[in-house]
Each structure stands twice: as C-alpha cells, then as structure tokens.
Amino acid sequence: MQRAIVEILLLAVLAGALGGWIVLRRLAFFTHSVGTAAFPGLVVAGAWGIAPQLAALATALGFAGARERLARGDDEDAATGILLVGALALGALLASDVYHSGAGVDRLLFGTLIGLSGTDLALTALAAVGALVAGAALRRAWLARAFDPDGVRALGVAVAWPERVLLASVAAAVIVALAAVGALLVSVVLVVPAATVRLVARDLRQLQLGTGALAAAEGLAALWLADATNVSPGPAMAIVAGAVFALVAVVSR
C-alpha cells in the first residue's frame, strides 16, 4: 500500500505534465492504444528473459514513431488504429505460434497497484522527471501546435521533433503506468482527470495543476475504496474518475 500511494502520486505528476497536452492535442486514442500495442514486446520479453519494461518501452516508442510518420493532417486516429491492429496481430502470432505463451497479458491488461516493485517506482519517477523537463523545454512549440496548427510554421516554430518528443513522452508515461493500472485503464490516469479539469479550467496552467491534483485525489480515494470494499484498485479508480467526470460535467453545464 505504501508503494501504491507513492506510485499514485508519481502518476499524478505525469498526468499533470502530459494530461493537458493529451486532451488538447486529441491524443486520447493514441494514449489508450500505445499500451496495448506493447503486447508483442511483452511476449518477446517473457520468452527471452528481457526486462518487460524495457521491451514494452521499445515497442511503444516504435509504435509512436511509426504513428508520427504515417499520420497526415486529420487522419491521425486512422494511423493509430491501423498500427494498433498490426501490433495486436503480431503479438497474438508471437504468443500462440512462435513462443506458445501469453506472457504478461494479465498484467498488461489489468495492472497491479498493490504488487509494485521498487523498479516500477523508479521508472515512474524517471518518466515524470522526463515529462516535466520536456514540457518546460518545448512548451512554446507544443502550445503553437495545439492552438494554431495552421499557422505554426509561419510563426517560425519547429514542429517535427517537438512532436516526436511529445509522442515519446506519452508512450513512456503509458508504459510506466501499465504495471499499476494496465492497458485497459491507463486512460483513467492520463486522460480522464485532464478531461474533467478541462471542463472548468480557464488556461493551460490551471489545466495542468488541476489535473495533477485531481489525479492524486482520485487515486488515493480509489485506494481507500478498494481496501474498504475488497475490490481491485484499478477498477475502483475507474469508478471514482468516471463519477467525478460525470458530476463536473453536469455542474459545469
């Protein structure tokens, strides 16, 4: 439980640093997909004895790079969907026909907040620091790309490599969150709090600070709820985050 609390607070930092950009740039589908796309890496890691986080990160970064290369204009979700299908097909092929193993599938899908190791915490902290540094260094480019995509080149702002850094940062955040909440629920940490705060935030700073605070509060509340009702922390977090979003949506209208 102590490690779970630390992990939630670290994930809240990640959510604050990246969640606003994910929502503003409409990267929610990419965020959800990149964790599931790590399936082939986890299968190979289990068969070859490679560190699962390293294999999953390599696969996720490859997914992010391919998506950035394929996406053109308004077809970003289409590129994400095509790559996701390919990654799932490759993972299923490797698991069933090559290695005859479904290595890492349960943890990939559902995570385990109360079964984390010190390595998991260290990787999440490293990803959080990286996201904060990238956000501080590339804030101007990310802002221009988010709010004025048509005029960004006229402003003299480079967009190609900052875009790659953003996608890589999101991919890294998703991978470190897999151990805690799994691919099916990673959006509960990185997307839903930001989407909730966006309903009431007046500017980007409020969006980022509010997202971090809300993600921490929802995570801690979910841990208490899971312990009190003897349910899994991941689904408890989804219930809490969904309820808060619904409440804020109704009140804000």
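Residues numbered from 1 in each chain as written. Predicted model: local features only at pLDDT ≥ 70, side-chain atom pairs only at ≥ 80, totals over all residues. Heavy atoms only, no water.

**Some words on helix α4 (residues 52–70)**
Phase 1: For α4, spanning 19 residues, the distance from its first C-alpha to its last is 27 Å, which sits close to the expected 27 Å at 1.5 Å a residue.
Phase 2: Buried within α4 are the following residues: A55, A56, A60, F63, A64, R67 and E68. (Helix = DSSP H or I, 4+ residues; strand = E, 2+ residues; numbered from the N terminus. Expected span 1.5 Å × (residues − 1). Buried < 20%, exposed > 50% of the residue type's maximum accessible area, 1.4 Å probe, protein only.)

**Topic: the confidence of the model for the protein**
Phase 1: Per-residue confidence for the protein gives a mean pLDDT of 86, with 92% of residues at or over 70.
Phase 2: Here helix α6 (residues 105–110) is the element of the protein with the lowest mean pLDDT, 65, and helix α10 (residues 192–198) is the one with the highest, 96. (pLDDT = per-residue confidence, 0-100.)

**Considering a nonpolar patch on the surface**
Phase 1: On the surface, I5, L9 and L220 cluster together to form a nonpolar patch covering roughly 220 Å² of accessible area.
Phase 2: The topology assignment puts L220 in helix α11 (residues 204–229).
Phase 3: Under the relative-accessibility criterion, L220 is labelled partly exposed at 36%. (Patch = residues over 30% accessible without salt bridge, like charges linked within 9 Å, V, L, I, M, F, W, Y side chains within 5 Å. Areas by Shrake-Rupley, 256 points an atom, 1.4 Å probe, with all protein chains shown as cover. Salt bridge = Lys/Arg side-chain N within 4 Å of Asp/Glu carboxyl O.)

**Things to note about the pattern of salt bridges**
Phase 1: Applying the stated rule across the entire model yields one salt bridge.
Phase 2: Of the charged contacts in the structure, one is a salt bridge between R25 and E163, with a shortest N-O distance of 2.8 Å. Here R25, found in the loop between α1 (2–24) and α2 (28–36), pairs with E163, found in helix α8 (residues 160–181); they are 138 residues apart in sequence, far enough to count as distant. Each member of the pair R25 and E163 is classed as buried.

**Digging into the nonpolar core**
Phase 1: By size, the foremost hydrophobic cluster in this structure holds 63 residues, and its most contacted members are L14, L18, F30, L113, V181, L190 and M237.
Phase 2: Considering each element in turn, this core owes the most residues, 13 residues, to α8.
Phase 3: When near neighbours in sequence (up to four residues on either side) are disregarded, F30 contacts F63, A64, R67, T80, L167 and V170. (Core = buried A, V, L, I, M, F, W, Y, C linked by side-chain atoms within 4.5 Å. Contact = heavy atoms within 4.5 Å.)

**Concerning the packing of aromatic side chains**
Phase 1: Tallying each qualifying case throughout the model produces two aromatic pairs.
Phase 2: Aromatic side chains W21 and W142 sit 5.5 Å apart centroid to centroid with 75 degrees between the ring planes, which places their arrangement in the edge-to-face category. With a gap of 121 residues between them, W21 in helix α1 and W142 in helix α7 (residues 118–147) connect regions that are remote in the sequence. The two residues W21 and W142 agree in class, both being buried.
Phase 3: The side chain of R67 reaches across the aromatic face of F30, ending 5.4 Å from its centre. (Phe/Tyr/Trp six-rings, centres within 6.5 Å; stacked < 30°, edge-to-face > 60°. Lys NZ or Arg CZ within 6 Å of the ring centre and 35° of its normal.)

**Here we look at the packing of α1 against α11**
Phase 1: Close contact between α1 and α11 brings their axes to 8 Å; oriented N to C, the two are set at 145 degrees. Between α1 and α11 lies a crossing whose hand is right-handed. Seen from α1, the contacting residues are A4, I5, I8, L9, A12, A15, G16, A17, G20, W21 and L24; seen from α11, they are L204, L207, Q208, T211, G212, A215, A216, G219, L220 and L223.
Phase 2: Along the lines of polarity and charge, the residues of the contact of α1 with α11 split into 15 nonpolar, six polar and no charged. (Axes fitted to C-alpha atoms, helices over the stretch in contact; angles between N-to-C directions. Left-handed = near helix turned anticlockwise from the far one by under 90°. Nonpolar A, V, L, I, M, F, W, Y, C, P; charged D, E, K, R; others polar.)

**Points about the environment of P149**
Phase 1: When you line up the elements, P149 lands in the loop between α7 and α8.
Phase 2: For P149, a relative accessible area of 41% gives the class partly exposed.

**Digging into unusual backbone geometry**
Phase 1: You will see that R26, though not glycine, has its phi angle at about 55 degrees, which is positive.
Phase 2: Within the secondary structure, R26 is located in the loop between α1 and α2.
Phase 3: Residue class for R26 comes out exposed when judged on its relative accessible area of 70%.
Phase 4: Residue N230 is not a glycine yet carries a positive backbone phi of 60 degrees.
Phase 5: Of note, N230 is situated in the loop between α11 and α12 (233–252).
Phase 6: Exposure remark for N230: the relative accessible area of 72% places this residue in the exposed category.

**A look at the environment of S117**
Phase 1: Within the element layout of this structure, S117 appears in the loop between α6 and α7.
Phase 2: For the pair S117 and P52, spaced 65 residues apart in sequence, the C-alpha separation works out to 13 Å.

**Quick notes on α11**
Phase 1: Taking 1.5 Å per residue as the helical rise, α11 with its 26 residues ought to reach 38 Å, and the 36 Å between its terminal C-alpha atoms agrees with that figure.
Phase 2: At the N-terminal boundary of α11, the capping side chain belongs to D203, with an oxygen 3.2 Å from the backbone nitrogen of R205.
Phase 3: Following α11 by one or two positions, N230 has its phi on the positive side, about 60 degrees. (Polar contact = N/O pair within 3.5 Å; in protein donor to acceptor, adjacent residues only side chain to side chain.)

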